[in-house]
Amino acid sequence: MSIVALAIDALLPALDIIGVAIGTTNPVDNQLLITMIFLGLGIGPLVFGPISDSIGRKPVVYIGFTLFIGASFICIYAQSLEVMILGRILQGAALSAPRTISIAMIRDTYSGDYMARIMSFITVVFLLVPIVAPAMGKFILDQYNWYAIFYVQIVFSVIVSIWFWKRQSETLAINHRIPFTRRIFKDGFLELIRYKDTIGYTIISGFIVGSFLVYLSSSQQIFTEQYQLKEEFPYIFAALAIAIGTATFLNGTLVLRFGMQKMVTTALLGFFGVSLLYILLFHNGLNPSLWVLMLFFGLQFFAIGFLFGNLRSLAMQPIGHIAGIGAAITGFVSTLMAVPISTFIGRFVTDSALPLFIGFLICSTLSLGILWYIIKFVQNEPPKMVNN
């Protein structure tokens, strides 16, 4: 899963240089190099999830890494924004295999709050990469060129593939595999929609991922253009990534004490409160000092750190019997929501960070409404039977 973060975050310091190389005229278009990889991450699982339920988890991971290497070379040789976007979408689709299958493998092996605990520790590793990736990307950029960032991603993917082959056993027993047919996606979808809580938590996840994706795609513009901190940007990004990593690490312990749902409720309330406070204080659109902005971002990301793993675990909890297709569909829905949310809000982040927090507030408000509905009307309600 860490290769996903590497493919996204190592590129951040080079967005403006890549934009010049491929001929973009609007700096905002450079955000597409980040958001479009998420489009691939959403679409890819619809193919890889069902296949993994049929042939096993590990072969699909190998397929994904192989395709990722091919997509990386498309990015390296891209001469236009359109070709680069195509390469990034294909990179995302390819990486959706190890990303989605990792989650399915966790569900194959664990359940309940302990699954959330394992998910938290795995997510910590996933989030350690953003701490070092931008600085690494800038170092590679300064020493070589932007092409080298993609070559480094290829090298790491090969190393991880070998390590995965040597160290990780297959988690899907042969007697639990589902024959791959034309109906596998339809049957899996009809089974999944029986669980309203799975759908609800998946939609909330879409809003939260969308919120965070706005920051990922616009952070380089905020800190390098609005605050004129191009050299310091990798270190600022790393410091804020620590906030998410700390919360995710703490969640591994706290979730066993308080439970996933209470952790999600508290974190969403905090996410909402911080967003509202920022808007009330800086509604005139003028950016605060760097340290104040970092404080608000840090508080937001600390709350997000308690949401990522718990929301995914809550969505996956009822559908362990279709973990592969379930991880695929839930990942597809949340990502399909996140990409247009981030693309739309990101267009307004031109000379102020205020639109970002307005987006945070809207997404957290809608998420709290859905969570309230789940707790009040869906919890403990048995799933309805659906005729296949």
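Residues numbered from 1 in each chain as written. Predicted model: local features only at pLDDT ≥ 70, side-chain atom pairs only at ≥ 80, totals over all residues. Heavy atoms only, no water.

1. As for the layout of surface pockets
1) Next: Computed from the structure, the largest pocket encloses a volume of approximately 780 Å³.
2) Next: In this structure, the largest pocket is lined by 20 residues; those nearest its centre are Met1, Ser102, Ile122, Phe164 and Gln168.
3) Next: Secondary-structure elements contributing two or more residues to the lining of the largest pocket are α1 (2-9), α5 (57-76), α6 (81-109), α7 (112-143) and α8 (146-167).
4) Next: Examining the composition of the lining of the largest pocket, we find that 5 residues originate from one element, α6, more than from any other.
5) Next: Tallied by class, the residues present in the lining of the largest pocket amount to 14 nonpolar, 5 polar and 1 charged. (1 Å grid on protein atoms, 1.4 Å probe; cavity = no way out; pocket = protein on both sides within 12 Å on 5 of 7 lines; lining within 4 Å. Points joined across faces, edges and corners; volume = space filled by probe spheres on them. Helix = DSSP H or I, 4+ residues; strand = E, 2+ residues; numbered from the N terminus. Nonpolar A, V, L, I, M, F, W, Y, C, P; charged D, E, K, R; others polar.)

2. Points about the side chain of glutamate 191
1) Next: Looking at the secondary structure, you find glutamate 191 in helix α9 (residues 184-192).
2) Next: In this structure, glutamate 191 is in contact with His321 and Ile322, ignoring residues within four places of it in sequence. (Contact = heavy atoms within 4.5 Å.)

3. A word on unusual backbone geometry
1) Next: Positive phi outside glycine occurs at glutamine 228, with the angle close to 55 degrees.
2) Next: Judged by relative accessible area, which is 59%, glutamine 228 ranks as exposed. (Buried < 20%, exposed > 50% of the residue type's maximum accessible area, 1.4 Å probe, protein only.)

4. So, the packing of aromatic side chains
1) Next: Throughout the structure, instances matching the rule amount to 28 aromatic pairs.
2) Next: A ring pair is formed by tyrosine 62 and phenylalanine 164, whose centres lie 6.0 Å apart and whose planes are at 75 degrees; its orientation type is edge-to-face. Of this pair, tyrosine 62 sits in helix α5 while phenylalanine 164 sits in helix α8, and the two are 102 residues apart along the sequence.
3) Next: Overall, the relative accessible area of 27% leaves tyrosine 62 in the partly exposed class.
4) Next: With relative accessibility at 16%, the residue phenylalanine 164 sits in the buried group.
5) Next: Ring plane angle 45 degrees and centroid distance 5.7 Å describe the contact between tyrosine 110 and tyrosine 114, whose orientation is recorded as tilted.
6) Next: One Lys or Arg, lysine 58, reaches over the ring of phenylalanine 164 and ends 5.5 Å from the middle of that ring.
7) Next: Just above the ring of phenylalanine 377 sits the side chain of lysine 376; from NZ or CZ to the centre is 5.9 Å. (Phe/Tyr/Trp six-rings, centres within 6.5 Å; stacked < 30°, edge-to-face > 60°. Lys NZ or Arg CZ within 6 Å of the ring centre and 35° of its normal.)

5. Points about the side chain of serine 157
1) Next: Topologically, serine 157 is positioned in helix α8.
2) Next: A relative accessible area of 0% places serine 157 in the buried class.
3) Next: Apart from the residues within four sequence positions on either side, serine 157 is in contact with Ile3, Phe65, Phe68 and Ile69.

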